[in-house]
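Notes for the structure review
Residue strings, one per chain:
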Amino acid sequence: VQLVESGGGLVQAGGSLRLSCAASGRAFGSYVMGWFRQASGKEREFVAAISWEGITTRYDNSVKGRFTISRDNAKNTMYLQMNNLRPEDTAVYYCAADPSVIRSTLASQTAYHHWGQGTLVTVSS
């Protein structure tokens, strides 16, 4: 599966953005999907993940209550709705996918073997 992120940009603190991750290839509906981000000079970190059927979601504590992950398997697309953005949310956001991720590894980068190229989100104060 190939992944392409979109929707990044510049937004003021308190604003909102919605990221999309479009997937090509078959069996998108069988893949666990995740969002990760990497700020300048920092390691890539987990943001959110969603099970193949969309029932199970997980969030990092730093985004819980502000970000919402969702997916539309009919459109082969995953989303990340980001509200009440903060300057510390500034990063390149990556989507990731893998059919073999289990619940205990939803937040683990090494569990995902398909990655997009990233989209930059910049939040100004």
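The structure contained in this document is the topic of the report that follows.

About the cut-offs
- Residues numbered from 1 in each chain as written.
- Predicted model: local features only at pLDDT ≥ 70, side-chain atom pairs only at ≥ 80, totals over all residues.
- Heavy atoms only, no water.
- Disulfide = S-S within 2.5 Å.
- Helix = DSSP H or I, 4+ residues; strand = E, 2+ residues; numbered from the N terminus.
- Buried < 20%, exposed > 50% of the residue type's maximum accessible area, 1.4 Å probe, protein only.
- Polar contact = N/O pair within 3.5 Å; in protein donor to acceptor, adjacent residues only side chain to side chain.
- Contact = heavy atoms within 4.5 Å.
- Pairing = 2+ DSSP bridges.
- Phe/Tyr/Trp six-rings, centres within 6.5 Å; stacked < 30°, edge-to-face > 60°.
- Lys NZ or Arg CZ within 6 Å of the ring centre and 35° of its normal.

On to the state of the cysteines, then. Two cysteines whose sulfur atoms are joined by a covalent bond form what is called a disulfide. Applying the stated criterion across every chain yields a total of 1 disulfide. The residue that forms a disulfide with Cys 21 is Cys 95, at a sulfur-sulfur distance of 2.1 Å. Note on the Cys 21 and Cys 95 pair: the S-S dihedral is about 55°, so by sign convention the disulfide is right-handed. With Cys 21 in strand 3 (residues 17–24) and Cys 95 in strand 9 (residues 91–98), this residue pair connects regions lying 74 residues apart in the sequence. Accessibility expressed as a relative area gives 0% for Cys 95, which makes it buried.

For Arg 37, the location among the structural elements is in strand 4 (residues 32–38). One polar contact links Arg 37 to Tyr 93, side chain to side chain, over a distance of 2.9 Å. Sequence-distant contacts of Arg 37, that is, excluding residues within four places in its chain, are made with Glu 43, Arg 44, Glu 45, Val 47, Ser 62, Val 63, Phe 67, Glu 88, Asp 89, Ala 91, Val 92 and Tyr 93.

All right, on to the pairing of strand 9 then. A large share of strand 9 lies buried, amounting to 7 of its 8 residues. In the sheet, strand 4 pairs with strand 9 via 7 bridges, with the strands oriented antiparallel. Considered in strand 9, the bridge of Trp 35 is made with Cys 95. Bridge count for strand 9 against strand 11 (residues 119–124) is 3 bridges, and the pairing is antiparallel. Bridge assignment links Tyr 93 to a residue of strand 11, and that residue is Thr 119.

In this section: the packing of aromatic side chains. Overall, the coordinates contain 4 aromatic pairs when judged by the stated rule. Arranged with centres 5.3 Å apart and planes meeting at 75°, the rings of Phe 36 and Tyr 112 form a pair that is edge-to-face. Taken together, the positions of Phe 36 in strand 4 and Tyr 112 in the loop between strand 9 and strand 10 (114–115) put the pair 76 residues apart, joining distant regions of the chain. Ring centres 6.4 Å apart and planes at 65° place the aromatic pair Tyr 112 and Trp 115 in the edge-to-face group. Assessed through its relative accessible area of 3%, Tyr 112 is described here as buried. Overall, Trp 115 belongs to the partly exposed group, its relative accessible area being 25%. In this structure an aromatic cluster arises from ring pairing among Phe 36, Phe 46, Tyr 112 and Trp 115. The ring of Tyr 94 has Arg 44 lying over it, and the distance from NZ or CZ to the ring centre is 5.2 Å.

So, to be careful, I would describe these as geometric facts and stop short of saying anything about function.
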